[in-house]
Amino acid sequence: METQTLQIDSLWVVALASKLAPLSSRNIAILLVVLCLALLGLALTYWNHPGGPAWGRYWCRRVVCGGRAKVIPGPRGVPFLGSMGLMSGLAHHKLAKAAEQACAKRLMAFSLSETRVIITCNPDVAREILNSSHFADRPIKESAYSLMFNRAIGFAPYGAYWRSLRRIAATHLFCPRQILDSEPRRRALAAQMMSVISSFGGNRFQPREIIKGASLNNMMSSVFGQEYDLNSGSEEADELKGLVEEGYGLLGKLNWSDHVPWLAAGLDLQKVRFRCSRLAPKVNKFVGRIIKEHRNQIKYCQKSQDFVDVLLSLQGPDKLADSDMIAVLWEMIFRGTDTVAVLIEWILARMVLRPDVQSKVHEELDRVVGRSRPLVESDLQSLVYLPAVVKEVLRLHPPGPLLSWARLAITETTVDGYHVPAGTTAMVNMWAITRDPEVWDDPLSFRPERFVSGNAGSTEISVFGSDLRLAPFGSGRRVCPGKALGMTTVNYWVAHLLHEFEWVRTGQDPVDLSEVLKLSSEMANPLTVIDDI
Ligand code: HEM
């Protein structure tokens, strides 16, 4: 079929060339100028439409076909490229401002060159998008496909394969029993963090690398069954850390080729394709070796099951090819490490800035746990104030301010009364929702009391996706499957870090709450502190 199209195309070119042959070079030049002007005119017509060129093209075609509908408001951006600039740097800030300016907080349309996008800063419209079966897919991202993520949960197209992966992960990695059983590992890692931190002996240090290391080791242990010690380090853990960081860089980047097809055809201006082609074989080798080791161990010894063993034991229609297994395992490490570590650093930063809140957490921990025994995970059930602190930090610093990965309209649908065509990318600006004075009282103040029931004006709210005023884990079919595991880890480790230490700012390093948006939104300048026992 493709060859046939190619032949027809070349015939067309030959026919045109034979018609042009009798023309003088001057006439050919005039014809080309007219053609360019016509193309420019068309591009300007598309661009001169609310939402910019991609929306203009869609609506022009639709009008030709006789269709009419209410037009979604939004910025036009620049001809050809649309609003690419909105997605660079702190995209969540820029998009919130653009929505405000276009009076389109409920629903705004914009173009990323040829990609049509809608975005909402409103909890009701967010629910409509995230909980709709029309938006159960993810847009295609070249880097995700090159790194095999299309065979893992996060980017797998909505369908039987994705459903089966979610079921397997829900049963064997994220179920309450599994989370409970993995407590000893989290406890051991918490103890290692305490020991590393104590070794600074009251000198200034940056907790980021310690927390990231613990988070990576935690995922390595539950997914690969590999245990590493934070104190001694390991070449293998360092290698994985490098691979994960390179992956974050690639997936978090706005890749122009995803939106400008003529760039995707051959050019790789940002070197994303090149870097992916170097990273993918390294990941294959690293994870492939772990799978091989597990196959041998299953034959020769009995050991407790990790997620690799679970995937290897699947039979029948659930059985996965090795390449799919690599994608699933790699994604779990990838997703589970960064989000947890980023959130803990934000929590510590807020504690340093607000010693009054920190001392309330200390009081609560002293009352519930005391000083004579170590904290255990079941203590979390008796804590009220600390979970409120975590929620308040999730509100002000959601790790995925745009919910990390967007959704894609599988079929045409209606959102907030507007027609949305199939193939449109949909985003939720959770950061804007959680800072909206129409949604939250005094939204910019850090006030954990708003989540402590019984306090005046407090709100009972679950962060797990049922209430879109605060849904840092997303909502609907594609909601984060690791949400309970993530929250347990964050609450437990933060409780440990605050039970053992008082976190104090140093004389020379101010706590800077500026953000940088990579795959997650993290502190632009790492927190530097002194710990006080
Ligand atoms: C504080 C911790 C975490 C936060 C804030 C977070 C946030 C998110 C968000 C916003 C999404 C997109 C949801 C949507 O489209 O509605 C997501 C998806 C996902 N998360 Fe998490 N996450 C966290 C922890 C974890 C952990 C610990 C794991 C696994 C070990 C994990 C695995 C995933 C996966 C596999 C997806 C893709 C789901 C799908 O497309 O079906 N996450 N997460």
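As named in an unreviewed UniProt entry, the protein is Cytochrome P450 78A9-like, taken from Punica granatum. For the record of the protein, the UniProt heading Cofactor (unreviewed entry) holds the text "heme".

K.L.:
Tell me what's going on with the overall build of the protein, and back it up with residues and numbers.
P.N.:
What the protein contains, in helices and strands, is 19 helices and 10 strands. For 533 residues, the compact-globule formula gives about 24 Å, and the C-alpha radius of gyration of the protein, at 26 Å, lands near that figure. For the protein, the spread of C-alpha atoms along the three principal axes comes to 95 × 60 × 45 Å. Taking all 533 residues of the protein together, 41% fall into the buried category. Taking contacts inside the protein between residues at least 6 apart in sequence as the whole, the part at least 24 apart equals 71%.

K.L.:
Quick one: what's the story with the pairing of strand E1 (residues 108-112), residue by residue and with numbers?
P.N.:
Most of E1 is tucked away: 5 of the 5 residues are buried. Where E1 and strand E2 (residues 115-120) come together, 5 bridges link them in antiparallel fashion. The residue bridging methionine 108 from the neighbouring strand is isoleucine 119, located in E2. From the end of E1 to the start of E2, which pair antiparallel, there are 2 residues, and serine 113 there has a positive phi angle of about 50°.

K.L.:
Go over the packing of helix H10 (residues 208-224) against helix H11 (residues 235-252), please, and point to the residues and values.
P.N.:
Two elements in contact, H10 and H11, have axes whose closest approach is 11 Å; the angle formed by their N-to-C orientations is 105°. Looking at the two axes, H10 sits roughly perpendicular to H11. Contacts from Leu216, Asn217 and Met220 of H10 reach H11 at Ala237, Leu240, Lys241 and Val244. Residues that form the contact of H10 with H11 fall into these classes: 5 nonpolar, 1 polar and 1 charged.

K.L.:
I'd like to hear about the environment of glutamine 297, residue by residue, with values.
P.N.:
Within the secondary structure, glutamine 297 is located in helix H13 (residues 272-300). The class of glutamine 297 is partly exposed, set by 15 C-beta atoms lying within 10 Å. For the pair glutamine 297 and aspartate 309, spaced 12 residues apart in sequence, the C-alpha separation works out to 9.6 Å.

K.L.:
Just give me the short version of the environment of glycine 85, but keep the residues and values in it.
P.N.:
Assignment of secondary structure puts glycine 85 in the loop between helix H3 (53-64) and helix H4 (91-101). The exposure class of glycine 85 is partly exposed, given the 16 C-beta atoms found within 10 Å. For glycine 85 and glycine 465, which are 380 residues apart along the polypeptide, the C-alpha to C-alpha distance reads 30 Å.

K.L.:
Please set out H4 residue by residue, giving values where relevant.
P.N.:
Those residues of H4 not exposed but buried are Ala91, His92, Leu95, Ala96 and Ala99. Projected down its long axis, H4 carries its buried residues within an arc of 130°, all on one side. Away from its buried face by more than 90 degrees, H4 exposes Lys97 and Gln101. Once H4 ends, the next one or two residues include cysteine 103, with phi positive near 50°.

K.L.:
Describe the confidence of the model for the protein, with residues and values.
P.N.:
Close reading of the predicted structure is inappropriate where its pLDDT is low. Of all residues in the protein, 93% have pLDDT values of 70 or greater, and the mean over the chain is 90. Low pLDDT, under 50, characterises residues 1-6; the stretch is placed with 0 contacts to residues that sit more than four places away or in other chains.

K.L.:
Give me the lowdown on unusual backbone geometry, citing residues and values where you can.
P.N.:
At cysteine 103, a position not held by glycine, the phi torsion is positive, near 50°. By the element assignment, cysteine 103 lies in the loop between H4 and E1. In this structure cysteine 103 comes out as exposed when scored by C-beta crowding, with 9 C-beta atoms within 10 Å.

K.L.:
Mind laying out the UniProt feature "transmembrane region" (unreviewed entry) in the protein, listing which residues take part and the relevant values?
P.N.:
UniProt marks residues 28-47 with the feature "transmembrane region" (unreviewed entry), using the numbering shown here. With 100% helix and 0% strand, residues 28-47 has its two end C-alpha atoms placed 28 Å apart.

K.L.:
Explain the site of the ligand to me, using residue names and the numbers behind them.
P.N.:
Contacts to the ligand come from 28 residues, most closely from Gly336, Gly474, Cys480, Gly482 and Gly486. The biggest single contributor to the shell around the ligand is helix H15 (residues 322-353), with 7 residues. Broken down by class, the residue content of the shell around the ligand amounts to 15 nonpolar, 9 polar and 4 charged.

K.L.:
Outline the nonpolar core, listing residues and values.
P.N.:
One finds Met108, Ile118, Leu343, Ile344, Ile347, Leu348 and Val494 to be the most contacted residues of the largest nonpolar core, which totals 90 residues. The biggest single contributor to this core is H15, with 11 residues. Every residue in contact with leucine 343, bar those within four places of it in the chain, is listed here: Val393, Leu394, Pro399 and Val490. Counting 39 residues, the second-largest nonpolar core is a separate cluster that includes Phe155, Met220, Ile290 and Leu311.

K.L.:
I'd like a description of the sheet that holds strand E6 (residues 425-428), backed by residues and values.
P.N.:
Pairing in this open sheet of 4 strands is mixed, and the strands run E1-E2-E6-E3 from one edge to the other. Across the chains shown, the open sheet's two edge strands, defined by having one partner strand only, are E1 and strand E3 (407-408). Strand direction decides the pairing type here: E3 and E6, joined by 2 bridges, are antiparallel. By the bridge assignment, arginine 407 is partnered in E6 with alanine 426. Packed onto the sheet, helix H5 (residues 123-130) meets E2, E3 and E6 and runs at close to 140° relative to E6.

K.L.:
How would you explain the packing of helix H17 (residues 385-396) against helix H19 (residues 483-500) if you had to name every residue and give the values?
P.N.:
Following both chains from N to C, one finds H17 and H19 inclined at 115°, their axes separated by 10 Å at the closest point. Crossing geometry of H17 relative to H19 is assigned as right-handed. Of the residues in H19, those in contact with Leu386, Pro387 and Val390 of H17 are Val490, Asn491, Val494 and Ala495. Tallied by class, residues from the contact of H17 with H19 come to 6 nonpolar, 1 polar and no charged.

K.L.:
So what's going on with H10? Which residues, and what values?
P.N.:
Relative to the 24 Å expected for 17 residues at 1.5 Å per residue, H10 spans 23 Å between its end C-alpha atoms, a close match to the ideal helical length. Burial analysis of H10 places 14 of its 17 residues in the buried class, the great majority of the element. Once H10 ends, the next one or two residues include glycine 225, with phi positive near 75°.

The rules behind the values
- Residues numbered from 1 in each chain as written.
- Predicted model: local features only at pLDDT ≥ 70, side-chain atom pairs only at ≥ 80, totals over all residues.
- UniProt positions renumbered as here; feature names shortened; annotations may be inferred.
- Helix = DSSP H or I, 4+ residues; strand = E, 2+ residues; numbered from the N terminus.
- Rg over C-alpha atoms; globule rule 2.2 N^0.38 Å.
- Buried ≥ 20, exposed ≤ 12 C-beta atoms within 10 Å, placed from the backbone.
- Contact = placed C-beta atoms within 7 Å.
- Pairing = 2+ DSSP bridges.
- Axes fitted to C-alpha atoms, helices over the stretch in contact; angles between N-to-C directions.
- Parallel < 35°, antiparallel > 145°, perpendicular 65-115°, else oblique.
- Nonpolar A, V, L, I, M, F, W, Y, C, P; charged D, E, K, R; others polar.
- Arc of directions from axis to C-beta.
- pLDDT = per-residue confidence, 0-100.
- Near = placed C-beta within 6 Å.
- Core = buried A, V, L, I, M, F, W, Y, C linked by C-beta atoms within 7 Å.
- Left-handed = near helix turned anticlockwise from the far one by under 90°.
- Expected span 1.5 Å × (residues − 1).

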